[in-house]
Amino acid sequence: MQKVNNTADPLIQPRLSPSRLRNYWELFGKDVRRDKHLYVLLAPYMVLFMLFTVLPVIISIFFSFTHFNMLEMPRWIGWENYSKLLWNDDVFLIGVKNTLIFSVVTGPVSYIACFLFAWLINELNPKLRAFMTLIFFAPSISGNVFFIWQIIFSSDSYGIINGLLMQLGVIYEPVQWLQDPKYMLGIIMLVQLWLSLGTSFLAFIAGLQTVDKTLYEAGAVDGVKNRWQELWYITLPSMRPQLMFGAVIQITASLAVADVAMALAGFPSVQYGAHTIVTHLVDYGTIRFEMGYASAIATVLFVLMLGSNLIVQKLLKRVGE
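Residues numbered from 1 in each chain as written. Predicted model: local features only at pLDDT ≥ 70, side-chain atom pairs only at ≥ 80, totals over all residues. Heavy atoms only, no water.

## Examining the confidence of the model for the protein chain
Next up, step 1: Scored by pLDDT, the protein chain comes out at a mean of 83, with 93% of its residues at no less than 70.
Next up, step 2: Across the protein chain, element-level confidence peaks in strand E1 (residues 66-67) with a mean pLDDT of 92 and bottoms out in helix H1 (residues 18-34) with 77.
Next up, step 3: Every residue in residues 1-14 is under pLDDT 50, and counting partners more than four places away or in other chains gives 7 contacts. (pLDDT = per-residue confidence, 0-100. Helix = DSSP H or I, 4+ residues; strand = E, 2+ residues; numbered from the N terminus. Contact = heavy atoms within 4.5 Å.)

In structure tokens, the structure reads:
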């Protein structure tokens, strides 16, 4: 095997000498001067991104090492918030357990459902495809439409599920669906799945529309024999950017669930049966105003999301192999 010489590329060197570092910055300066109009166009977005995304994350991580109650100046306490969070806060651990169960179930299921529905709808004619896209996408843009599930799972005999089961003789008294910890997390998962055909679904439809049709003809010549092989060897590799975007959206949605849980199961829920990391963050951040402790919760959630995204990114690189 021929040995590749990497000494000419300063980016690959583990340690840069002063002369190489100077050459690197000279090359970077030439690139900036050559493409200055591109940097000018990118500047507004980068400024807003730094101000409203990167800077708040850095400030939150800093506050997570302090005691800060919005009334006094932050006081540095080191790892005390994290120690309390991981070893002394049983409610947080319940929230972590519920969040992980929720994300492991709803994340992959909603991701696969988004792609499968997009794949099936993509085969329809344009007018029918547009209509079906609207039908599947509508729940995710309809605001608080998920409150209809409160009527379906109402705890009295007028609830649709209770009324139906009592009429069939399956139960003889109403079930407290949204007050019983045995049922509430499963119901919230069901509602979240119903709402999950959102941005990822549209991204997958857009990605399917951009796949080069000539690749299927080339694949047939190379031995691709059925639709599943087309999907694995041609379609999925051709839309990796959309797959990664959809994965980020679904991971974020599954790990950051809060609104549906609080609306359906109450806040706090009975025996913390529907408690999640984000509802714990809401508790300490917007009710108790313990911003240092809330920042520690947010940092843990950030690390969870970042780790999940890195794992999914590595898995998506294997698509088509």
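The discussion continues.
## Focus on the packing of aromatic side chains
Next up, step 1: All told, the structure shown has 18 aromatic pairs when counted by the stated rule.
Next up, step 2: Between tryptophan 79 and tyrosine 82, the ring centres sit 5.6 Å apart and the planes meet at 55°, which makes this aromatic pair tilted.
Next up, step 3: Tyrosine 82 sits in the buried class, given a relative accessible area of 11%.
Next up, step 4: With 5.9 Å between their ring centres and 75° between their planes, phenylalanine 153 and tryptophan 177 make a pair best called edge-to-face. You can see phenylalanine 153 sitting in the loop between helix H6 (148-152) and helix H7 (160-168) and its partner tryptophan 177 sitting in the loop between H7 and helix H8 (181-195), a full 24 residues away along the chain. Comparing phenylalanine 153 with tryptophan 177, the two get one shared label, buried.
Next up, step 5: Lysine 84 extends its terminal NZ or CZ atom over the ring of tyrosine 293, reaching a point 4.7 Å from the ring centre.
Next up, step 6: The ring centre of tyrosine 284 lies 4.2 Å from the NZ or CZ of arginine 288, which sits over that ring. (Phe/Tyr/Trp six-rings, centres within 6.5 Å; stacked < 30°, edge-to-face > 60°. Buried < 20%, exposed > 50% of the residue type's maximum accessible area, 1.4 Å probe, protein only. Lys NZ or Arg CZ within 6 Å of the ring centre and 35° of its normal.)

## Examining the packing of helix H4 (residues 90-121) against H8
Next up, step 1: Viewed as axis vectors pointing N to C, H4 and H8 meet at an angle of 35°, and their least axial separation amounts to 10 Å. The hand of the H4/H8 crossing is right-handed. Only Leu185, Ile188, Met189, Gln192 and Leu193 of H8 make contact with H4, whose side of the interface consists of Asn98, Ile101, Phe102, Val105, Thr106, Val109 and Ser110.
Next up, step 2: Among the residues forming the contact of H4 with H8, the class breakdown is 8 nonpolar, 4 polar and no charged. (Axes fitted to C-alpha atoms, helices over the stretch in contact; angles between N-to-C directions. Left-handed = near helix turned anticlockwise from the far one by under 90°. Nonpolar A, V, L, I, M, F, W, Y, C, P; charged D, E, K, R; others polar.)

## What about H8?
Next up, step 1: Its 15 residues place the ends of H8 22 Å apart at the C-alpha level, agreeing with the 21 Å of an ideal helix rising 1.5 Å per residue.
Next up, step 2: On its buried side, H8 packs onto H4, H6, helix H12 (240-255) and helix H13 (259-265). (Expected span 1.5 Å × (residues − 1).)

## Examining the nonpolar core
Next up, step 1: Membership of the largest hydrophobic core comes to 22 residues, with the highest contact counts inside it found for Phe146, Phe153, Ile188, Val191 and Val260.
Next up, step 2: Among the elements of the structure, H6, H8 and H13 are those that each provide at least two residues to this core.
Next up, step 3: Among the elements that take part in this core, H8 stands out by supplying 7 residues, more than any other.
Next up, step 4: Residues within four places of phenylalanine 146 in sequence aside, it is in contact with Val191, Trp194, Leu195, Asp259, Val260, Ala263 and Leu264.
Next up, step 5: Counting 19 residues, the second largest nonpolar core, distinct from the first, contains Tyr111, Ala247, Leu316 and Val319. (Core = buried A, V, L, I, M, F, W, Y, C linked by side-chain atoms within 4.5 Å.)

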